[in-house]
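The chain contents come next:
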Amino acid sequence: MHIIESGNVAAATGVKLSRAQVIAAYPITPQTPLTEKLSEFVESGELAAEYIPVESEHSAMAVCIAASTAGARAFTATSANGLLYMSEQLHWAVGARLPIVMCVANRGIGAPWTVWNDQQDTISQRDVGWIQIYANDHQQIIDAVIKAFRLAQTVSIPVMVCYDGYLLSHTYMPFEEPAQSSVDSFLPTFAPTHFLDPENPGNFNTVTLPDVRPDVEGVIAPGYIEIRHTLHQDLRAALDTFVEIDREFKKEFGRGGNPLIEEYRCEDADFVAVCIGSLSYQLRDVVDGMRENDVKIGVMGVQMYRPFPDEAIVRALAGKKGVIVFEKALSYGNQGALYADIKSALYKSAERPFIHNYILGLGGREIKTQHLLDALTASCTSPDTFEDAPRWIGLKL
Amino acid sequence: MENQTSILNLTEEEFVHPGNRACSGCGLSIVYRTGLKALGKNTILVVPPSCLTVLQGLYPVASTKLPCVNVTFASTGAAATGVRAAMRALKKADVNVVAWAGDGGTGDIGIQALSGACERGEDIIYICYDNEAYMNTGVQRSGTTPQGVLTTTTPIKGKLQEKKDVPAIIAAHGIGYVATASAAYPLDFYDKVKKATTLSGPRYIHVHTPCPPGWSFDTRYTIKVGKLAVQSGLFDLYEIENGEFRLTGASKNLVGKARIPVTEYFQTQGRFKSLDQEIIQKVQEQVDAKWARY
Ligand SMILES: Cc1ncc(C[n+]2csc(CCOP(=O)(O)OP(=O)(O)O)c2C)c(N)n1
Ligand code: SF4
Ligand SMILES: [Mg+2]
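Residues numbered from 1 in each chain as written. Chains lettered and ligands numbered in written order. Predicted model: local features only at pLDDT ≥ 70, side-chain atom pairs only at ≥ 80, totals over all residues. Heavy atoms only, no water.

**Quick notes on the coordination of the magnesium ion (ligand 3)**
Residues and elements named next belong to chain B. The protein atoms that coordinate the magnesium ion (ligand 3) are Asp103 (OD), Asn131 (OD1) and Ala133 (O), at distances spanning 2.0 to 2.1 Å. Counting the intervening residues between successive donors of the magnesium ion (ligand 3) yields the motif D-x27-N-x1-A. Here Asn131 lies in the loop between strand 4 (125-130) and helix 6 (166-171) and Asp103 lies in helix 4 (residues 103-108), a separation of 28 residues in the sequence. Here Asp103 falls in the buried class, since its relative accessible area comes to 2%. (Donors = N, O, S within 2.8 Å, 3.2 Å for Na, K, Ca; no water. Helix = DSSP H or I, 4+ residues; strand = E, 2+ residues; numbered from the N terminus. Buried < 20%, exposed > 50% of the residue type's maximum accessible area, 1.4 Å probe, protein only.)

This is how it looks when you write it as structure tokens:
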């Protein structure tokens, strides 16, 4: 069924179709309509779930952590300062290997206060160990939520589904709402092997020592570093798992095929513009225009940012003349995080393109097509004038 | 409430293994053992960082025979909420969901999550053991540390402020059951926990647990110190059931009787050694005024 709705409602609909069992959330712009919709689904009986109107984001994630440990499918959503307020809990959820799914409507971080879109919130949390998937339109949002639940419980790692605040959260677009029966056959019920169970008691997240240690039967159990190493390996393996899940999703629903990166007119391109999120669709228009003037250029959107799909990215970019990375976030005092990641991935490739970095759109500053065109033109025509540092686009002072 | 359980009819089933990592003479270990007996097998525990985390053992061994999820320091009330929500979602109604936290984890960093859970009317039992400081991190002051007490963050003058009345704060949420108890009267505590399991909604029990290293007294005096706190009228045993306050057990027996002077309690512990006469006098007057109201 095709419907026209906001990105937040697309996300809420995905959560409903995924039959989340425990939902806890705290309002923050621009995520709020998503939680409002979910409470409506629960109150009206459309979704058989527990909805907990917690008193903070820290508690929202606490509810999800506990509910997931007890064996229920858990969901929350937030933005910006709400995400940072739960940062301790993000680490806890992933260390405890809980398949929680969370939507983040991306927003800039205070101070000073801003409610508008950039991606500093989730990019700043890239190192916690959560899987990060970015959706570029409403269809991708609803599809990503459903895939995220399946991925999370397959690899026992929590997943963030991120989408640009306002640009996607509050705009209306048509999208296909998958049939419940298809989602049910795609997404098996959550049946963990270990959970809080009086019949089979276990102590979860116990203090763990630096060294390995025998249990009462003498079997050596891992220390903290082994547990964390396993997490890292499982995260790396999640790249392939997600490709596989996306393939099955495509079989069931007919959509997908670009789980890690989404390329547009890249095949014969000399230059590739790279970014995360809905900006990649705006860049497509710019690229189409440049193509008319015989500049061979394409766009690559990074769909999964953590684990980092370095191999797919190198495959896409090695041998190109130039790569231009646009970012709505940065690692302050250094460079754009994506730029640094791509440079490092390309280091091992024999044919390294030049690579430039633009920072733009922070705090919702309008991104003008002309700005993008000027930036890409400068990069393609005089690459040697660039330094290994980001240039900022759209500054007015 | 009158004592219903005696040492003769206390269940023999143990839910805490012997040889756990608590200090000898630990008041917490007494109430943990008795409290789990009262809760029984069909219980899920939620525990934030505290001495209890250590008591429970280091991976891969555990000293508790009940399922337990360790959670972050500030999140106990919300985590218990999450366990209960999952129980409802999974149609497992017949389980005690029990948060068990220290005074710092309850009255300071965890008060927001606990307040939220109380206001929402979550169906959980919350037990706070009050050793009157952050013991796990090495005896720093907490909101519930009494005035004048020496801790590692009030090392010379002692704590300047008075003890925060956490059970009163929780009672102000209007929840159905609030009780206090003491490790020195474990059977009274047992009965209160047992009673809590028969009720629903948020239930809060605040139990005073003497701590030999943190309070600086010899490990053999835990019960004596705990009893003096009650018998001097400093720490009162009571229940507030559906808004109705009543003294219980040893505190109830004190009504109309002469109480031990608070200074006798203070003298048993090194942590009070910098108390001056002025504070002792003030505390005695506060206690007398409180008891005049009972
Ligand atoms: C967010 C956070 N801040 C600080 C700590 C360090 N910490 C662990 S236990 C503890 C004190 C606990 O005090 P209390 O709750 O009274 O329990 P007790 O140790 O006295 O049994 C502190 C400060 C932590 N684990 N997490
Ligand atoms: S420090 Fe005190 S509360 Fe902690 S284990 Fe030792 S005696 Fe018990
Ligand atoms: Mg304490």
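**Some points on the sheet that holds strand 7 (residues 159-164) of chain A**
Residues and elements named next belong to chain A. A sheet is described by the order of its strands in space; here 7 strands give the open sequence 3-2-4-5-7-6-15, paired in mixed fashion. The sheet is open, and its two edges are formed by strand 3 (50-52) and strand 15 (304-306), each paired on a single side. On average, adjacent strands in this sheet sit at an angle of 20° to one another, irrespective of strand direction. Bridging between strand 2 (residues 22-24) and strand 4 (residues 74-78) involves 2 bridges; their strand directions are parallel. Directly across from Val22, in strand 4, lies its bridge partner Ala74. Here helix 3 (residues 57-69) sits on the sheet and contacts strand 2, strand 3, strand 4 and strand 5 (101-106); the angle it forms with strand 4, its principal contact strand, is near 165°. (Pairing = 2+ DSSP bridges. Axes fitted to C-alpha atoms, helices over the stretch in contact; angles between N-to-C directions. Contact = heavy atoms within 4.5 Å.)

**Overview of the pairing of strand 3 (residues 96-102) of chain B**
Each regular strand shows side chains that alternate between the opposite faces of the sheet. Residues and elements named next belong to chain B. Most of strand 3 sits out of view: 7 of its 7 residues are buried. Alternating positions in strand 3 separate into two faces, Asn96, Val98, Trp100 and Gly102 on one and Val97, Ala99 and Ala101 on the other, with burial throughout. Bridge analysis of strand 1 (residues 43-47) against strand 3 gives 4 bridges, and the strand direction is parallel. Bridged to Ile44 within strand 3 is Val97. Inspection of the sheet shows strand 3 paired to strand 4 by 5 bridges, in the parallel sense. For Trp100, the partnering residue across the bridge sits in strand 4 and is Ile127.

**Details of the side chain of Ser6(A)**
Along the chain, Ser6(A) falls in strand 1 (residues 2-6). Setting aside residues no more than four positions away along its own chain, Ser6(A) makes contact with His138(A), Leu168(A), Ser169(A), His170(A), Thr171(A), Tyr172(A) and Phe175(A).

**A few points about the interface of chain B and chain A**
Counting from both sides, the interface comprises 42 residues of chain B and, opposite them, 43 residues of chain A. Of the roughly 3300 Å² buried between chain B and chain A on both sides combined, carbon and sulfur atoms contribute 64%. Area buried by chain B at its contact with chain A is led by Tyr59(B), Asn70(B) and Thr72(B), which between them contribute 19% of it. Our enumeration of links across chain B and chain A arrives at 3 salt bridges. (Buried area = accessible area lost by both parts, 1.4 Å probe. Salt bridge = Lys/Arg side-chain N within 4 Å of Asp/Glu carboxyl O.)

**Let's talk about the site of ligand 1**
As a matter of local geometry, ligand 1 sits amid 17 residues, with Gly104(B), Gly105(B), Tyr129(B), Met135(B) and Asn136(B) nearest to it. Nearby residues place ligand 1 at the junction of chains A and B. Between an oxygen atom of ligand 1 and a main-chain N or O atom of Gly105(B), the distance comes to 2.7 Å. One nitrogen or oxygen atom from the main chain of Ala133(B) is found 2.9 Å from an oxygen atom belonging to ligand 1. When isolated, ligand 1 has an accessible area of 580 Å², and the protein chains bury 76% of it. Taken together, the residues of the shell around ligand 1 break down into 8 nonpolar, 7 polar and 2 charged. (Near = heavy atom within 4 Å. Polar contact = N/O pair within 3.5 Å; in protein donor to acceptor, adjacent residues only side chain to side chain. Areas by Shrake-Rupley, 256 points an atom, 1.4 Å probe, with all protein chains shown as cover. Nonpolar A, V, L, I, M, F, W, Y, C, P; charged D, E, K, R; others polar.)

**What to know about the site of ligand 2**
What surrounds ligand 2 is the set Cys23(B), Cys26(B), Cys51(B), Asn131(B), Met135(B), Cys211(B), Pro212(B) and Pro213(B). Residue composition of the shell around ligand 2, by class: 7 nonpolar, 1 polar and no charged.

**Digging into the environment of Gly129(A)**
Residues and elements named next belong to chain A. The residue Gly129 is located in the loop between helix 6 (120-123) and strand 6 (131-134) in this model. Given a relative accessible area of 9%, Gly129 falls into the buried group. Placed 204 residues apart in sequence, Gly129 and Gly333 show a C-alpha to C-alpha distance of 23 Å. Excluding its chain neighbours within four sequence positions, the residues that come into contact with Gly129 are Val94, Ile157 and Leu235.

**A word on empty space enclosed by the protein**
Residues and elements named next belong to chain A. Inspection of every chain in the model, using the stated rule, returns 3 cavities of 30 Å³ or more. Estimates place the volume of the largest cavity at around 50 Å³. Lining the largest cavity, in full, are Gln119, Ile123, Cys275, Ile276, Phe326, Glu327, Lys328, Ala329 and Leu338. Here the lining of the largest cavity is built from residues that sort into 6 nonpolar, 1 polar and 2 charged. (1 Å grid on protein atoms, 1.4 Å probe; cavity = no way out; pocket = protein on both sides within 12 Å on 5 of 7 lines; lining within 4 Å. Points joined across faces, edges and corners; volume = space filled by probe spheres on them.)

**With respect to the packing of aromatic side chains**
Under the defined criterion, the tally for this structure stands at 18 aromatic pairs over all chains. Considering the side-chain rings of Tyr265(B) and Phe266(B), the 6.0 Å spacing of their centres and the 50° angle between planes classify their relative orientation as tilted. Of the two residues examined, Tyr265(B) and Phe266(B), each falls in the buried class. Here a set of aromatic residues connected by ring pairs shows up, and it is made of Tyr238(B), Phe245(B), Trp291(B) and Tyr294(B). Cation over ring: Arg150(A) sits above Phe186(A), and NZ or CZ is 4.7 Å from the ring centre. Cation over ring: Arg391(A) sits above Phe386(A), and NZ or CZ is 3.6 Å from the ring centre. (Phe/Tyr/Trp six-rings, centres within 6.5 Å; stacked < 30°, edge-to-face > 60°. Lys NZ or Arg CZ within 6 Å of the ring centre and 35° of its normal.)

**A few points about unusual backbone geometry**
Between Gly110(A) and Ala111(A) the backbone carries a cis peptide bond, its omega angle lying at 5°. Along the chain, Ala111(A) falls in the loop between strand 5 and helix 6. Residue Pro307(A) is bonded to the preceding Arg306(A) through a cis peptide linkage, with omega at -10°. With respect to the element layout, Pro307(A) can be found in the loop between strand 15 and helix 11 (310-317). A positive phi is found at Tyr166(A), a non-glycine position, where the angle reads about 60°. Relative to the helices and strands, Tyr166(A) is located in the loop between strand 7 and strand 8 (172-176). On the basis of relative accessible area, Tyr166(A) is assigned to the partly exposed category, the value being 28%. Located in the positive-phi region is Val139(B), a residue other than glycine, with phi close to 65°.

**Some thoughts on helix 5 (residues 111-120) of chain B**
Along helix 5 of chain B, the residues classified as buried are Ala113(B), Leu114(B), Gly116(B), Ala117(B), Cys118(B) and Arg120(B). Gly121(B) sits one or two positions beyond helix 5 of chain B and adopts a positive phi of about 75°.

**Details of the domain arrangement of chain A**
All names here are of chain A. According to the domain assignment, chain A contains domain 1 (2-186) and domain 2 (261-392). Contact with domain 1, which involves 22 residues of that partner, is made by 23 residues of domain 2. Linking domain 1 to domain 2 there are 1 salt bridge. Between Lys328 and Asp164 there is a salt bridge whose closest N-O contact spans 3.8 Å. (Domains from an automatic or database assignment.)

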